Amino acid sequence: MPDNNNIILHAPLAGPRVALAEVPDPVFSSGTLGDGIAIDPLDGCLYAPCAGEVVHLARTGHALTLRAANGAEILLHIGVDTVQLLGRGFSPQVALGEQVEQGQALVHFDLDLVAQHCTSLVTVMLVGNGQGYELLALGSVTDSLGEPLLEVRGKAIAGTPSAGAQAQGNARGQARVAHHGGLHARPAALLRQTAQRFQSRILLHFHDREAAVDSLVAVMGLGVGEGDEVTVSCSGADCQEALQAMLQALQTPTVGERHASPAAAAPVTAQATRHEPGVIGGVCASPGLALGPLARLDGISLPPDNGGNHPPEQHAALDAALTAVRHAIDRDWRHLPRGQEDAAAILEAHLALLDDPALLDAARRHIDQGSAASHAWSRAIDAQCQVLRSLDNPLLAERANDLHDLQQRVLRALLGETRELRLPPSAIVVAHELTPSDLLLLARHDVAGLCMAAGGATSHVAILARARGLPCLVALGETLLELPAGSTLVVDADNGRLETRAAPQRLAEVRQHCQQRHEQRQHQQAAAHQPARTRDGRLVEIAANVAGADEAAQALAQGADGVGLLRSEFLFVDRHTAPDEQEQRLAYQAVLDAMDTRPVIIRTIDVGGDKQLDYLPLPAEANPVLGLRGIRLGLVRPQLLDQQLRALLSVSPQRRCRIMLPMVTEVDELIAIRQRLDQLADELGVAERAELGVMIEVPAAALLAERLAEHADFFSIGTNDLSQYTLAMDRDHAGLAARVDALHPALLRLIDLTCQGAAKHGRWVGVCGALASDPLATPVLVGLGVAELSVSAPQIGEIKARVRELDAAQCQRFSQGLLALSSAAAVRQACRDFTAPQAQSPAPVALQQ
């Protein structure tokens, strides 16, 4: 009788054997996709190595997966880089779902065509779900077709469904990935967390590759980008429920994802200075100007592995080190200050990576082969880093830094090294590539700036540096590492320059600028509670963008004249049911109470498209930014909007509550909501009603401003979305983000048109996008007629001080002249010339809307 737990894999081709580690593709050689063997084929037909079902067949015919009787999934991949042939030269002989017998022809292929156009003919056979199986080489000595090569034995794993349980059901579905940047560490961790709620085995398929979702590195190694379509397959008793949960997780962007933005981290490079003596050109990851002594932060160098290692001892050492690092990361996570959501998400992803089966299996294989635990862990990480860096996805390639971070932390635990840093005051920290844990450690020290030889503007370190306001340059090259410790550096991140031999006069200028900046911020904050009036007496309200009562209280303490944008989504996300009317009312009332006597603008829920909710299933959209979102969703799901409007009408006092509608494009939309608001107010017996305004964030609304002003009480311009919609550029696109500039003349013309339309009906206009937080833009917005600027709370004092320096009439003449300029660069230069006497430097701002 056949043993359903053990199967034999026979040679699917005739040809010499090749060790998996020698396959010229790091995705296979690293073991990311599983363990197995490779063959250099001598003929052009691939045969079934065992009996089974065809559960995956690449459209291009160059790869397929068989599921054997014991549940093992056997991936067969012909050649390296053969997907680029787009099916030429491949002729599948079987169909998806077909049952095949061992030795049956699967794919005919043109041996010469593949050899001429692809990297290699070497064909891989591996077990994709290998954590549930043990592979034993059978010691075959011939290169014949059908020769027994491997025995695949099922092994019992606690918590893993048996083959019988998995056979209770199978389900497959497709989803388009909505996560910004694709399936990098944080989205992969979310998928893993989702999968852990089910017993079914869940695989992700992309092109000719597949990965178990319990492995972050395997999922990241697929190279799935934002907008790519993937297939999910689930096997087990709860396969249908698991499938629906996974599809939802793939189609719902990770809450709080933030990326480089033009205002916060435009990838400025100093091309013109790369050959200037004493200057190294790099990429701006976090803006600012800093001066200080060089302090190098080096990684661990492994001692030689002299062999003679006892595997059980090395396994125990690795387990102890992993446990210590888990505890350290958990401690860092628990001690994060409030508002550090990005840092928390990064640490959570690191915890998941420490339990990643692909990493652990690779390290344990190296230990079993005689390596020391330190070398085994290092080799496992290096292989996965090579996989990520080989992908055609810059964001995923940068996430290799997260793996490097874990490599260093575990190596320190293994080798007994500690990280007690001794840094000089106001140090400029230099490294090949800093890691998130490095930055968390540096937060305890007096650090003025960061410089990296490698890295990118969208890395996790860049995100954390911007959150802390640390000037940071990346991609400076290996020359950086040759600079002597203690040498004085000037980090001019705004211009992508690292000055290594600055003249005494330049050092004095920078030192004076930094000191003046520090004193200036202190003075600005001291006057932050005073009104912001221009020199000729025009009052400009400086409000704050907040996401809850706590942030509102902090904004009031920093001098806010009100809340210019409360994003009500904070009530609706990260939960499985919608907040009821009472919960919403209490939350909105808490914000009004926190602001004392000052007004609060509350934007109605802006979800849909790329911001979906678990309890509000919506179809995936090819272009969600242009899809069903904002007020459009409210009109097709009126019960959701009605509940929110009732809660808003119930807060007190109504005169301080202002309701703002997002994504309005037509006058009829505003009229419909206005009428509905009146009906609900009558039902509730509310006599005094909140003002109703429109968020101007699409060009159509700006062009219709005069008509909208007939029915709206106020406007607030969301420059973030208005910029990308007007310029037809995605602000999260790595290659275009620096060009999505709200000071583009076309944007200024729309702002001018909005202010003119509002003025004809006596309405006021505010700005709540990132442009409001940019001091360079303050005279432009004041000159165009903007009456309120809603900024990030730490910048309230700075923007108020800037307003007090201005003459409104002069700003009006200046801003009108900008409308005739030809580019955003020309506008920015004109603004710099206009503000030169004040020498203002914009502080980092987070582009979030």
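Residues numbered from 1 in each chain as written. Predicted model: local features only at pLDDT ≥ 70, side-chain atom pairs only at ≥ 80, totals over all residues. Heavy atoms only, no water.

1. Re the overall build of the protein chain
Basically, it comes down to this: Elements are defined by DSSP. Helices are runs of H or I of four residues or more, strands are runs of E of two residues or more, and each kind is numbered from the N terminus. Remark: exposure states derive from per-residue accessible area (1.4 Å probe, protein chains only) relative to the maximum for the residue type, with buried under 20%, exposed over 50%, and partly exposed in between.
Broken down by element type, the protein chain carries 29 helices and 33 strands. The proportion of buried residues among the 849 residues of the protein chain is 57%.

2. Let's talk about the packing of helix α20 (residues 638–649) against helix α21 (residues 667–684)
For clarity, the threshold we go by: Angles here are taken between N-to-C directions and fall from 0 to 180 degrees, while the axes themselves are lines fitted to C-alpha atoms, restricted in helices to the stretch in contact. Every angle not falling under 35 degrees, over 145, or within 65 to 115 is termed oblique; those three ranges are roughly parallel, roughly antiparallel and roughly perpendicular. Here a crossing is called left-handed whenever its near helix is offset anticlockwise from the far helix by less than a right angle, and right-handed whenever the offset is clockwise. Residues count as neighbours in contact if any of their non-hydrogen atoms are within 4.5 Å of one another. Gly is put with the polar residues, along with every residue not named as nonpolar or charged; the nonpolar set is Ala, Val, Leu, Ile, Met, Phe, Trp, Tyr, Cys and Pro, and the charged set is Asp, Glu, Lys and Arg.
Interaxial distance between α20 and α21 falls to 10 Å at its minimum, and their mutual angle equals 55°. Taken together, the axis directions place α20 and α21 in an arrangement best described as oblique. Crossing of α20 against α21: the hand is right-handed. Contact residues: α20 offers L641, D642, L645, R646 and L649, while α21 offers I673, R676, L677, L680, A681 and L684. Looking at the contact of α20 with α21 residue by residue, the class counts come to 8 nonpolar, no polar and 3 charged.

3. Looking at the confidence of the model for the protein chain
For clarity, the threshold we go by: Each residue carries a pLDDT score, the predictor's confidence in it, ranging from 0 to 100.
When pLDDT is averaged along the protein chain, the result is 82; 82% of the residues meet or exceed 70. Scored below 50 in pLDDT, residues 157–167 shows 11 contacts in the model against residues more than four places distant or in partner chains.

4. Focus on the packing of helix α28 (residues 808–818) against helix α29 (residues 824–835)
In helix packing, the relevant descriptors are the interaxial angle and the interaxial distance, both defined with respect to the helix axes. Where α28 contacts α29, the two axes come as close as 10 Å, and the packing angle between them is 155°. Taken together, the axes of α28 and α29 lie roughly antiparallel to each other. In this structure, α28 crosses over α29, and the sense of that crossing is right-handed. Taking contact as the criterion, the partners of Q810, C811, F814 and L818 in α28 are, on α29, V827, A830, C831 and F834. Of the residues assigned to the contact of α28 with α29, the class counts are 7 nonpolar, 1 polar and no charged.

5. Structural notes on the packing of aromatic side chains
Rules: Pairing of aromatic rings covers Phe, Tyr and Trp, the last through its six-membered ring, and needs centres within 6.5 Å; plane angles under 30 degrees mean stacked, over 60 mean edge-to-face, and all others mean tilted.
Inspection of every chain in the model, using the stated rule, returns 3 aromatic pairs. Judged by centre distance (4.2 Å) and plane angle (15°), the rings of F814 and F834 are stacked. Taken as a pair, F814 in helix α28 and F834 in helix α29 lie far apart in primary sequence, 20 residues in all. We classify F834 as partly exposed; its relative accessible area is 21%.

6. Focus: the sheet that holds strand β27 (residues 563–567)
For the record, the criterion: Paired strands are those between which DSSP finds at least two bridges.
Sheet architecture is closed into a barrel: 8 strands sit in the order β26-β27-β28-β29-β30-β31-β32-β33, paired in parallel fashion. Shown here is a sheet whose adjacent strand axes are inclined to one another by a mean of 25°, direction ignored. Strands β27, β28 (600–603) and β29 (657–661) of the sheet are contacted by helix α18 (residues 581–594), whose axis makes an angle of about 155° with β28. Against the sheet, helix α27 (residues 796–805) makes contact with β26 (541–546) and β33 (788–791), and its axis sits at roughly 155° relative to β26, the strand it touches most.

7. Overview of helix α25 (residues 745–759)
Heads up, the rule is: Here a helix's expected span is defined as the number of its residues, less one, multiplied by 1.5 Å.
With 15 residues, α25 extends 21 Å from end C-alpha to end C-alpha; this agrees with the ideal 21 Å at 1.5 Å per step. By the burial criterion, the buried members of α25 are P745, L747, L748, L750, I751, D752, T754, C755, G757 and A758.

8. Description of the nonpolar core
Cut-off, in case you're wondering: For the purposes of this section, nonpolar cores are sets of buried Ala, Val, Leu, Ile, Met, Phe, Trp, Tyr and Cys residues that join through side-chain atoms within 4.5 Å.
Counting residues in each nonpolar core, the largest one holds 96 residues, and the members touching the most others are I542, Y588, I659, F715, L748, I751 and L789. If we skip the residues at most four places from it in the chain, I751 touches I717, T719, L771, L781, L784 and V786. Core analysis: the next-biggest nonpolar cluster, separate from the first, contains 58 residues, V177, A211, V213 and A349 among them.

9. Thoughts on the sheet that holds strand β16 (residues 209–212)
The 4 strands are arranged β14-β17-β15-β16 in an open sheet whose pairing can be described as antiparallel. The strands lining the two open edges of the sheet, one partner per strand, are β14 (170–176) and β16. Between one strand axis and the next, the sheet turns by 25° as a mean value, whatever way the strands run. Direction of pairing for β14 relative to strand β17 (residues 229–235): antiparallel, over a ladder of 7 bridges. Across the sheet, residue R172 finds its bridge partner in β17, namely S233.

10. Overview of the pairing of β16
A regular strand places its side chains so that they alternate between the two faces of the sheet. Burial along β16 is two-sided: the residues R209 and A211 and E210 and A212 are all buried. With 4 bridges joining them, strand β15 (residues 201–206) and β16 adopt antiparallel strand pairing. Each residue of the ladder has a partner; that of F206, found in β16, is R209. Following β15, the chain reverses through 2 residues before pairing antiparallel with β16; H207 in that reversal takes a positive phi of roughly 55°.

11. Let's talk about α29
Applied cut-off: Along the arc lie the directions from the helix axis toward the C-beta atoms.
Here α29 contains 12 residues, and its C-alpha end-to-end distance of 16 Å stays within 8% of the 16 Å for a straight helix at 1.5 Å per residue. Those residues of α29 that sit buried are A824, V827, A830, C831 and T835. All buried residues of α29 project into a common sector of 125° when viewed along the axis, lining one side. When the buried face of α29 is taken as reference, the exposed residues oriented beyond 90 degrees from it are A825 and D833. Among the structural elements, α25, α26 (778–784), α27 and α28 are those in contact with the buried residues of α29.

12. Thoughts on the pattern of salt bridges
This is how it is decided: The rule for a salt bridge is simple: a side-chain nitrogen of Lys or Arg has to be within 4 Å of a carboxyl oxygen of Asp or Glu.
Scanning all chains against the criterion turns up 21 salt bridges. Among the ionic pairs, R676 bridges to D642, the shortest N-O distance being 2.8 Å. Within this pair, whereas R676 is found in helix α21, its partner D642 is found in helix α20, the two being separated by 34 residues in sequence. By relative accessible area, R676 is classed as partly exposed at 24%. In this structure, the salt-bridge partner of K760 is E706, at a minimum N-O distance of 3.3 Å. Highlighted residues: K760 in the loop between α25 and β32 (764–767) and E706 in helix α23 (residues 705–708), separated in sequence by 54 residues. A cluster of three or more residues bridged by salt bridges with shared partners is formed by R497, E499 and R506.

13. Observations regarding the environment of L722
Inspection of the secondary structure assignment puts L722 in helix α24 (residues 719–727). Its relative accessible area of 0% is what places L722 among the buried residues.

14. What about the side chain of T500?
For T500, the position within the fold is in the loop between β25 (497–499) and α16 (504–526). When its relative accessible area of 17% is taken as the criterion, T500 is described as buried. In this structure, T500 is in contact with G278, V279, I280, L483, T488 and L489, ignoring residues within four places of it in sequence.

15. Looking at the side chain of Q644
As for its placement among the helices and strands, Q644 is situated in helix α20. Look past the residues within four positions of Q644 in its chain and what remains in contact with it is S568, F572, Q584, Y588, R603, T604 and I605.

16. Topic: unusual backbone geometry
In this structure, the amide linkage connecting S652 to the following residue, P653, adopts the cis form with an omega of 0°. One non-glycine residue, D596, adopts positive backbone phi at about 60°. The topology assignment puts D596 in the loop between α18 and β28. Positive phi, normally seen in glycine, also occurs at A728, with a value near 55°. With respect to the secondary-structure elements, A728 resides in the loop between α24 and α25. Here A728 falls in the exposed class, since its relative accessible area comes to 69%.

17. Overview of the environment of G182
Relative to the elements of secondary structure, G182 occurs in the loop between β14 and α4 (185–195). Note on G182: relative accessible area 0%, which makes it buried. Residues G182 and V224, spaced 42 residues apart in sequence, show a C-alpha to C-alpha distance of 5.5 Å.

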